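Geometric and topological summary
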Amino acid sequence: MPVELLEGERETILSEVENTLQDKEKTRENLIPILQQVQKKLGYLPGLAMEKIGEALGIPAVDVFGLATFYDQFRLNPPGEHEIKVCMGTACYMTGGRIALDSFKRKLEINEGETTSDRKYSLERVACVGCCTMAPVVVVDERIEGHVTATRVDGLMLELQGEAGKEDHAEEEREEEQEGEEREEIQEEGEQEQ
Amino acid sequence: MSTVSVSESYAELKSAAEEKYNALQDTPVIMVGTASCGKAAGADKVKEAFEEEIRAKGLDARVVEVGCMGHCYAEPLAVVSKPGFPGLCYANLDEGFVKRLVDDFLINDDPCYEYAMVALEPNEVFPTFSDFPRGVYEHKIVLEHCGFIDPGDIDQYIVEGGYEALSRALEMTPEEVMEEINESGLRGRGGAGFPAAEKWEVAREAPGDVKYIIANGDEGDPGAFMDRGILESNPHLVLEGLIISAYAIGAQEAYFYIRAEYPQAVERTREAIRQAKEKGLVGPSILGSDYDLDVKIFQGSGAFICGESSALVKSMEGHMGMPEQRPPRLSISGYRGKPTVVNNVKTLGYVPHILRKGAEWFRGIGNPDSPGTVVFALVGKVNNTGLVEVPMGTTLRQLIYDVGEGIPGDKQFKAVQIGGPSGGCLPESALDIPIDFDSLREAGAMMGSGGLVVLDEDDCMVSVAHFFLDFTQKESCGKCTFCRLGTKHMLDILERITRGEEEDLKVLDHLQELAEDVRAGSLCNLGRTAPNPILTTLRYFRDEYEAHITERCCPARMCPDLITFYIEPPKCSKLCSVCVGSCPTEAIYTREDGLKAIDQEKCVKCNNCYLTCPPEYLAVVKLSPPELLEEKEGKSS
Ligand SMILES: Cc1cc2nc3c(=O)[nH]c(=O)nc-3n(C[C@H](O)[C@H](O)[C@H](O)COP(=O)(O)O)c2cc1C
Ligand code: FES
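The sections below set out a description of the structure shown in this document. (Residues numbered from 1 in each chain as written. Chains lettered and ligands numbered in written order. Predicted model: local features only at pLDDT ≥ 70, side-chain atom pairs only at ≥ 80, totals over all residues. Heavy atoms only, no water.)

Let's shift gears to the overall build of chain B. Counting its secondary structure elements, chain B contains 26 helices and 18 strands. Along the longest, intermediate and shortest principal axes, the C-alpha atoms of chain B span 95 × 70 × 40 Å. For chain B, the proportion of its 637 residues judged to be buried stands at 61%. Of the accessible surface of chain B, which amounts to about 24100 Å², a share of 48% is contributed by carbon and sulfur atoms. (Helix = DSSP H or I, 4+ residues; strand = E, 2+ residues; numbered from the N terminus. Buried < 20%, exposed > 50% of the residue type's maximum accessible area, 1.4 Å probe, protein only. Areas by Shrake-Rupley, 256 points an atom, 1.4 Å probe, with all protein chains shown as cover.)

All names here are of chain B. The strand order 2-1-3-4-5 describes an open sheet built from five strands, whose pairing is mixed. Every other strand in the sheet has two partners, leaving strand 2 (62–66) and strand 5 (116–119) as the edge strands with one partner each. Strand-to-strand, the axes of this sheet are offset by a mean angle of 25 degrees, without reference to chain direction. Where strand 1 (residues 29–33) meets strand 2, five bridges bridge the pair, whose relative direction is parallel. Residue pairing in the sheet places Val32 in a bridge with Glu65 of strand 2. Across the sheet, helix 4 (residues 95–107) touches strand 1, strand 3 (78–81) and strand 4 (88–90), and the angle it forms with strand 4 is around 155 degrees. (Pairing = 2+ DSSP bridges. Axes fitted to C-alpha atoms, helices over the stretch in contact; angles between N-to-C directions. Contact = heavy atoms within 4.5 Å.)

To continue, consider the site of ligand 1. All names here are of chain B. By nearness alone, 18 residues border ligand 1, and Gly190, Lys199, Asn343, Asn344 and Thr347 come closest of all. Taking Ser309, its main chain carries an N or O atom lying 3.0 Å from an oxygen atom of ligand 1. For ligand 1, an oxygen atom lies 2.9 Å from a polar atom in the side chain of Asn343. Here ligand 1 loses 88% of its free accessible area of 610 Å² to cover by the protein chains. Examining the composition of the shell around ligand 1, we find that three residues originate from one element, strand 9 (residues 340–344), more than from any other. (Near = heavy atom within 4 Å. Polar contact = N/O pair within 3.5 Å; in protein donor to acceptor, adjacent residues only side chain to side chain.)

Another point: the nonpolar core. Soluble globular proteins tend to pack their nonpolar side chains together in the buried interior. Grouped together as the largest cluster of nonpolar side chains are 141 residues, with contacts concentrated most on Ile84 and Phe104 of chain A together with Tyr163, Leu239, Phe256 and Tyr545 of chain B. Ranked by size, the runner-up nonpolar core spans 45 residues in total, among them Phe298, Cys306, Val342 and Cys483 of chain B. (Core = buried A, V, L, I, M, F, W, Y, C linked by side-chain atoms within 4.5 Å.)

Attention shifts here to the pairing of strand 1 (residues 82–87) of chain A. Residue and element names in this part refer to chain A. Here six bridges tie strand 1 to strand 3 (residues 121–126), and the two strands are oriented parallel to one another. Bridging across to strand 3, Cys87 finds its partner in Val126. When strand 1 meets strand 4 (residues 138–140), the two strands line up antiparallel, connected through three bridges. When the sheet's bridge partners are listed, Val86 is paired in strand 4 with Val138.

All names here are of chain B. Taken together, the side chains of Glu179, Glu183, Glu198, Glu201, Glu205 and Glu360 define an acidic patch exposed on the protein surface. Contributions of two or more residues to the negative patch are made by helix 8 (174–184) and helix 9 (196–205). The leading source of residues in the negative patch is helix 9, at three residues. In this fold, Glu179 is placed in helix 8. (Patch = residues over 30% accessible without salt bridge, like charges linked within 9 Å, V, L, I, M, F, W, Y side chains within 5 Å. Salt bridge = Lys/Arg side-chain N within 4 Å of Asp/Glu carboxyl O. Lys, Arg positive; Asp, Glu negative; His and termini not counted. Charge placed at Lys NZ, Arg CZ, Asp CG, Glu CD.)

Turning our eyes to something else, we now look at the pattern of salt bridges. All names here are of chain A. Within the structure shown, the criterion is met by 57 salt bridges over all chains. The shortest N-O distance in the salt bridge between Lys41 and Glu16 comes to 3.9 Å. With Lys41 in helix 2 (residues 31–42) and Glu16 in helix 1 (residues 9–22), this residue pair connects regions lying 25 residues apart in the sequence. Accessibility expressed as a relative area gives 46% for Lys41, which makes it partly exposed.

On to the interface of chain B and chain A, then. On the chain A side, the residues contacting the 64 residues of chain B number 43 residues. At the boundary of chain B with chain A, the tally comes to one salt bridge. A salt bridge links Glu29 of chain A to Arg336 of chain B; the nearest nitrogen and oxygen atoms lie 2.7 Å apart. Elements supplying a minimum of two residues to the side of chain B that touches chain A: helix 2 (36–40), strand 8 (294–300), helix 13 (309–316), strand 14 (451–456), helix 18 (461–475), helix 24 (578–582) and helix 25 (608–612) of chain B. Take the side of chain B that touches chain A: its biggest share by element is seven residues, from helix 18 of chain B. Counted by class, the side of chain B that touches chain A contains 35 nonpolar, 18 polar and 11 charged residues. (Nonpolar A, V, L, I, M, F, W, Y, C, P; charged D, E, K, R; others polar.)

Our focus in this paragraph is unusual backbone geometry. Residues and elements named next belong to chain B. The peptide bond linking Glu75 to Pro76 adopts the cis configuration, its omega dihedral lying at -10 degrees. If you trace the backbone, Pro76 turns up in the loop between strand 2 and strand 3. With an omega of 0 degrees, the peptide bond between Ser624 and Pro625 qualifies as cis. Positionally, Pro625 belongs in the loop between strand 18 (620–623) and helix 26 (628–636). Its identity as a non-glycine residue notwithstanding, Asp109 has a phi of 65 degrees, on the positive side. One can find Asp109 in the loop between helix 4 and strand 5. Phi at Arg552 is positive, roughly 55 degrees, even though this residue is not glycine. Structurally, Arg552 is set in the loop between helix 23 (542–550) and strand 15 (564–567).

Residues and elements named next belong to chain B. Here five strands make up an open sheet; going across it, the order is 11-10-14-12-13 and the pairing mixed. On the outer flanks of this sheet lie strand 11 (386–391) and strand 13 (424–427), each paired with one strand and no other. Strand-to-strand twist of the sheet, defined as the mean angle between neighbouring strand axes without regard to direction, takes the value 30 degrees. Where strand 12 (residues 413–418) lies against strand 13, four bridges are found, and the strand directions are antiparallel. Bridged to Val416 within strand 13 is Leu426. The strands touched by helix 16 (residues 396–403) within the sheet are strand 10 (373–380), strand 11, strand 12, strand 13 and strand 14, with strand 12 carrying the most contacts at an inclination of about 115 degrees. Helix 18 contacts strand 12, strand 13 and strand 14 of the sheet and is inclined by roughly 15 degrees relative to strand 12.

Here we come to the state of the cysteines. Two cysteines, two sulfur atoms, one covalent bond between them: this is a disulfide. Counted under the stated rule, the structure contains zero disulfides over all chains. The cysteine Cys480 of chain B is free of any disulfide, with Cys483 of chain B supplying the nearest cysteine sulfur at 5.0 Å. (Disulfide = S-S within 2.5 Å.)

Let's shift gears to the packing of helix 18 of chain B against helix 19 (residues 481–498) of chain B. Residue and element names in this part refer to chain B. Orientation of helix 18 relative to helix 19, taken along the N-to-C sense of each, is 150 degrees, at an axis distance of 9 Å. Classed by the angle they form, the pair helix 18 and helix 19 counts as roughly antiparallel. In this structure, helix 18 meets helix 19 at a crossing whose hand is left-handed. Across the interface between the two elements, Val462, Ser463, Ala465, His466, Leu469, Asp470 and Gln473 of helix 18 pack against Thr487, Lys488, Met490, Leu491, Leu494, Glu495, Ile497 and Thr498 of helix 19. (Parallel < 35°, antiparallel > 145°, perpendicular 65-115°, else oblique. Left-handed = near helix turned anticlockwise from the far one by under 90°.)

Residue and element names in this part refer to chain B. Every buried residue belonging to helix 8 is among Pro174, Val177, Met178, Ile181 and Ser184, and all of these are buried. Seen from one end, helix 8 has its buried residues packed into an arc of 120 degrees, which puts them on one side. Contacts made by the buried residues of helix 8 are with helix 7 (164–170), helix 9, helix 11 (235–249), helix 14 (345–357) and helix 15 (359–363). Once helix 8 finishes, Gly185 follows within two positions and takes phi at roughly 75 degrees, a positive value. (Arc of directions from axis to C-beta.)

It is worth spelling out the side chain of Lys24 of chain A at this point. All names here are of chain A. Secondary-structure assignment places Lys24 in the loop between helix 1 and helix 2. With no salt bridge to any partner, buried Lys24 finds its closest opposite charge in Asp23, at an N-O distance of 4.8 Å. When residues no more than four places from it in sequence are discounted, the contact partners of Lys24 are Asn30, Ile34 and Gln37.

Residue and element names in this part refer to chain B. Enumeration according to the criterion identifies 18 aromatic pairs over all chains in this entry. Between Phe129 and Phe148, the ring centres sit 6.4 Å apart and the planes meet at 70 degrees, which makes this aromatic pair edge-to-face. You can see Phe129 sitting in the loop between strand 5 and helix 5 (133–137) and its partner Phe148 sitting in the loop between helix 5 and helix 6 (154–159), a full 19 residues away along the chain. Overall, the relative accessible area of 19% leaves Phe148 in the buried class. Measuring from centroid to centroid gives 5.2 Å for Tyr247 and Tyr291, while their planes differ by 75 degrees, and the two rings are edge-to-face. Placement of Tyr247 in helix 11 and of Tyr291 in the loop between helix 12 (263–278) and strand 8 is noted, with a sequence separation of 44 residues between them. With respect to burial, Tyr247 and Tyr291 carry one shared label: buried. (Phe/Tyr/Trp six-rings, centres within 6.5 Å; stacked < 30°, edge-to-face > 60°.)

Written as structure tokens, this is what we have:
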């Protein structure tokens, strides 16, 4: 499901692509490094960017597109304001990574690999992030959260929504957040006693 | 050539580094582990807290970031070295504890022994690593300095003897270097165990002047982090090994292939190369010799198949990473059509040690056919998770029970998954086989990538097989039919079994046949090894498959479609409503009589109520097959 370009986005894309191409030799070997750099700047690889890069390197756009879909690193949808990555590495899978992933899907009403239509959240699965000790692990933006249960997913979402809506619904959110925290406390007590 | 010899140039570097460190000797130093595992547990905060406290108290002490010392279960970790005391390691740190250490230890000379985990050097007051069972079995070579030196400072690596092997190598002929490695019996640690020197020799002998060597740090196994850990903790070791190997085969350009998704490994490696260039260890006339080498990083884009050496080379050339039919071997025609050697990061990590201590020394460790040590990321249902390094020939039992200190809780060991998606699951009865390339292969598993996951009674073996096949099926590059369609077909069967949709046991024979066909017919080792998780689980845990099929029962109570959550009325306390609050879908309600019950329509099987029901009640149970619910409900109402 391609996401509509926002106002001014077209121009940003074109200028970033141009900047990146400027100091690079136009060879096939540089295709992946160029795509990596453009994605770093834009957060994803819009169709338009791939077309332009293909043109510049003399590679058909379908080939660029094929390459971008082949590699996991490249994303064709813009990332959400908040990026949620659920670890589905071996250790995380065995300890309930799927439950965390399902919980986010339920909450956000999107599938893995997608971004909510308001571009607030995107959901991805990743393989081992290197801290299996804390499995199951979820990475929210840059923060790593360990031992994520379904309740913790609710709590995390409330925290994120709380941040997002601070100005307009400060009151409402605070109430919800408190509720969320209470739940967590109860749950943590339960876990400790076990 | 310059008038200064290679060894003299090296001696100069070394004495400058020593001078720098001698000057620092009287300053206490705090080393905080900030590899991925440490960061996840909050190491950045701990480091800041140390810095803050030291500044606030006006102390003279250094805070350095180090990599992973392998004890990931105890992160955040820090080592405090204060003159007059042994270096002491403290585990599970937080800001409060940091304050206390600064006040009590740095200011007042009380090392808080009651909170220390281990001492680094032998002393009269506190045990060291070798006083623990883990220390007895562990033998660290490539992990030796990981977590104990600053990966961002080449001088510390040099003080510890770093780059001495390079200086020796450059005074030998490439052939002599190759001979030393050949005699050591070093086998590749990327999975297949191919003798390193054999591959080098082919590339060296191959016609042409332009040759390449690539350090393979792709590490695509979804449950392993050794190579990343090593690059984050001691990048200079791998770099030194890479330069020596490049010299041996006669390459002028060397590459690190590291995933872009591992930014810290990329960053620390890049910094290591920069510093090595500054010291004349990379670039033109290394250490004053007439050998020139340029070292670069290529960032991989995250495809498991790109760990396979021919696919890796394809991706460096700007194409989709698809394996190539061989021959020609890469060592004849690889990157840009030139002779190319691809070696795993760990393989290269052994090279400097072998040149320094000799082939004889290396052969003395491990097994005659698999000399040296082996590095594992030990994870799953085991107490001491982390990076471990043991001699080849150590048994799985020693690794899990002595090094890993066994299974947490009162749970029963079920299996150990070794080698990641290409490996297999071995049962209790296989625990006494020695870990080496050949014994593991005989048992149906594989050394593979070095991921080692311990599974207990709560883990469903069909689901494990499904997990790995799902991974390989998605990662199959699609080039050959057996792999592309075969893995899909097997995955469909496993999917139906875990859902309870297969009713005929014959499907298991079909699965076995398919698995054998894919193994025999695939082009590369991704396809050839993809069936291993299925074949080993069928071989050792067939009863679990059968229970899924004939009884619709998941014995480990893991497969969501085959279980139902149920609250046992006699055990439920009317006064407690923890489960109600824990349910994310409000499926749990209070009955008229005050007992709790689950609305099955709303239940998403998230396991939360099961985890939160207090241990004095344990009223939530998982029933499998789900049909048991009717029986239970019939009885209780
Ligand atoms: C599907 C697949 C994935 C692989 N992934 C890796 C990897 O991540 N790292 C690695 O060093 N070798 C990997 N290998 C093995 C490489 O093809 C190659 O054998 C190895 O890098 C050679 O290095 P060595 O001789 O030092 O072991 C993989 C092989 C296959 C078939
Ligand atoms: S499997 Fe999730 S962090 Fe390793």
